[in-house]
Amino acid sequence: MIGSAKDVQPDSETSMLATLIEQDEVCVEVYRLVITRPAWGVGEIAHELRLPESEVRGKLDKLAESSMLFPSGETAHMVGIAPEVGLARYIHQRERQIHAQQLELASIREAAAKLTAAHATQRGYYGTLGLERLGSVAEVRARLSEIAQQATSELLAFMPGGAQSPEALEASRPLDEASLAAGVSLRTLYLDSIRNDRATNDYAQWLSGLGGEIRTVPSLPLRLLIADRSVALVPIDPEDSRAGAVVIQTPGAVAGLLALFNLLWERATPFGTPPPSVSDAPTPQEMALLRMLAEGQTDEVASRKLGLSLRTARRLMASVTAKLGSRSRFEAGILATRAGWL
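What counts, and where the lines are drawn
- Residues numbered from 1 in each chain as written.
- Predicted model: local features only at pLDDT ≥ 70, side-chain atom pairs only at ≥ 80, totals over all residues.
- Heavy atoms only, no water.
- Core = buried A, V, L, I, M, F, W, Y, C linked by side-chain atoms within 4.5 Å.
- Buried < 20%, exposed > 50% of the residue type's maximum accessible area, 1.4 Å probe, protein only.
- Helix = DSSP H or I, 4+ residues; strand = E, 2+ residues; numbered from the N terminus.
- Contact = heavy atoms within 4.5 Å.
- Pairing = 2+ DSSP bridges.
- 1 Å grid on protein atoms, 1.4 Å probe; cavity = no way out; pocket = protein on both sides within 12 Å on 5 of 7 lines; lining within 4 Å.
- Points joined across faces, edges and corners; volume = space filled by probe spheres on them.
- Nonpolar A, V, L, I, M, F, W, Y, C, P; charged D, E, K, R; others polar.
- Expected span 1.5 Å × (residues − 1).
- Arc of directions from axis to C-beta.
- Axes fitted to C-alpha atoms, helices over the stretch in contact; angles between N-to-C directions.
- Parallel < 35°, antiparallel > 145°, perpendicular 65-115°, else oblique.
- Phe/Tyr/Trp six-rings, centres within 6.5 Å; stacked < 30°, edge-to-face > 60°.
- Lys NZ or Arg CZ within 6 Å of the ring centre and 35° of its normal.

Student: Hey, could you run me through the nonpolar core in this one?
Tutor: Proteins that are soluble and globular tend to have nonpolar side chains buried together. Counting 25 residues, the largest nonpolar core has I147, L155 and L233 as its most contacted members. Breaking this core down by element, the ones donating at least two residues are α7 (137-150), β4 (154-159), α8 (166-181), β5 (185-191), α9 (198-210), β7 (224-227), β8 (231-235) and β9 (245-248). If near-sequence neighbours (up to four positions away) are discounted, I147 is found in contact with L225, A227, V231, L233 and V247.

Given below as structure tokens:
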């Protein structure tokens, strides 16, 4: 009841008024009738709004607690307080709250700026060299996709590792197709061993049919992507893809990688060209295997770099020793050197 309404503390008053204005439309309608129908009592208001009198009394109490009604003590003489007076305290409180929130937001922005500066400092060394370090496989994949989509003229790639998984090949199709449709030239170097894998072979034929150029070589030094001759991406550790990668934009470094690509591209066999016929001369793949073994690499490492199974690599080595007429690998090394193969 109005006569029983009590003075409340500012915080409670503010909370009540916020509820009135933002959530309680019935209170607003009761207040409107109080000021437009000053002779009406609780019964008439309840009848007009089709509400129980008890609910109307509750709304009147809330209005009084929110400083919107003057508690006269008589329900028949309720007096509405002017909104600019009744709401003054609430408005002032809300202004203080908004000001506090603005200060908090400014503090957050300042903290973000400091963190940004710290992050830039941490990456500053790489930034001055035109390098960007990618620390996870997910970051590498995202950046690879971004570089490929932003290319406007040319994409060059080394694809070591032998046969590609069907899932990886299928995921590459839309991006490669979009690049070619946009007029971007695609040149990709795979290992010779992909010629024995049906899925990779089918993909290579599909890409060649769209205008992409594919060649194969016995071995590749690392995975590589060069876009528009201005940006390159290489792994941090060629033997461990989980170590991440580096994006290079330094002109000198990119030029060096481009020269490496062109050197291997000129020596590579265009896809679709039949493999060389068997003769006494070693095939490029056999030569690559010989060089790796001469450098002291194990059969396991050599087979992985050639994209071959261990069994196939050993069979290849047996073919080399047979061509040389040697009875051991040591003797094969000597005879290969004499023959000018190494």
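Still more to cover.
Student: What's the story with the environment of A163 in this structure? I'm lost.
Tutor: Counting through the fold element by element, A163 comes out in the loop between β4 and α8. On a C-alpha basis, the gap between A163 and L191 in space is 8.2 Å, while along the polypeptide they are 28 residues apart.

Student: Which parts of the structure should I look at to understand the side chain of S179?
Tutor: Position of S179 relative to the elements: it lies in helix α8. Given a relative accessible area of 6%, S179 falls into the buried group. In this structure, S179 is in contact with A148, L155, V184 and L186, ignoring residues within four places of it in sequence.

Student: How should the pairing of β8 be read in this particular structure?
Tutor: Most of β8 is tucked away: five of the five residues are buried. Neither face of β8 is open: one carries V231, L233 and P235, the other A232 and V234, and all of them are buried. Pairing between β7 and β8: three bridges, direction antiparallel. Across the sheet, the residue bridging to A227 is V231, located in β8. Hairpin connection between β7 and β8: a loop of three residues separates the two successive antiparallel strands, and D228 in this loop has a positive phi of roughly 55°. For β8 and β9, the ladder comprises four bridges, and the chain directions are antiparallel.

Student: Can you walk me through empty space enclosed by the protein in this structure?
Tutor: Over the atoms rolls a probe the size of a water molecule, and in doing so it shows where empty space is left. Inspection of the entire model under this criterion finds one cavity of 30 Å³ or more. Space inside the largest cavity adds up to approximately 30 Å³. Per-class residue counts for the lining of the largest cavity are four nonpolar, no polar and one charged.

Student: In this structure, what is going on with α7? I would like to understand it.
Tutor: An α-helical segment advances 3.6 residues per turn. Residues three or four places apart therefore align on the same side. Relative to the 20 Å expected for 14 residues at 1.5 Å per residue, α7 spans 20 Å between its end C-alpha atoms, a close match to the ideal helical length. Turning to α7, its buried residues are V140, R143, I147 and A148. Here the buried residues of α7 occupy an arc of 135° about the axis, which is enough to place them on one side. Set apart from the buried face of α7 by more than 90 degrees, the exposed residues are A138, R141, Q149 and Q150.

Student: What is the right way to look at the layout of surface pockets in this model?
Tutor: Estimates place the volume of the largest pocket at around 1,500 Å³. Taken together, 46 residues line the largest pocket, and the ones lying closest to its centre are L144, F158, M159, Q164 and R223. Secondary-structure elements contributing two or more residues to the lining of the largest pocket are α7, β4, α8, β5, α9, β7, β8 and α12 (299-306). When grouped by side-chain class, the residues that make up the lining of the largest pocket number 29 nonpolar, nine polar and eight charged.

Student: What's the story with the packing of helix α3 (residues 42-49) against helix α4 (residues 53-65) in this structure? I'm lost.
Tutor: Helix-helix packing is characterised by the crossing angle of the two axes and by the distance between the axes. Put simply, α3 and α4 touch, their axes get as near as 9 Å, and they point 110° apart. The angle between α3 and α4 falls in the class roughly perpendicular. Contacts between α3 and α4 involve V42, G43, I45 and A46 on the former and, on the latter, E53, V56, R57 and L60. Residue composition of the contact of α3 with α4, by class: five nonpolar, one polar and two charged.

Student: Hey, could you run me through the sheet that holds β4 in this one?
Tutor: Backbone hydrogen bonds are what pair the strands of a sheet, in a parallel or an antiparallel way. Reading across from one edge, β3-β9-β8-β7-β4-β5-β6-β10 is the order of the eight strands in this open sheet, with mixed pairing throughout. The open sheet is flanked by β3 (131-134) and β10 (269-270), the only strands paired with a single partner. In the sheet, β5 pairs with strand β6 (residues 213-217) via five bridges, with the strands oriented parallel. Note on β6: the bridge partner recorded for L191 is V217. The strands touched by α7 within the sheet are β3, β4, β7, β8 and β9, with β8 carrying the most contacts at an inclination of about 155°.

Student: Where do I start with the packing of aromatic side chains in this structure?
Tutor: Given two aromatic rings, their pairing is described by the distance between the two centres and the angle made by the two planes. Per the counting criterion, the structure on display carries three aromatic pairs. Taking 5.5 Å as the distance between ring centres and 20° as the angle between the ring planes, the aromatic pair formed by F158 and F261 counts as stacked. Here F158 is found in strand β4, whereas its partner F261 is found in helix α10 (residues 251-267), with 103 residues between them in sequence. Accessibility classification places F158 together with F261 in one group, the buried group. A cation sits over an aromatic face here: R37 above W40, 5.5 Å from the ring centre.

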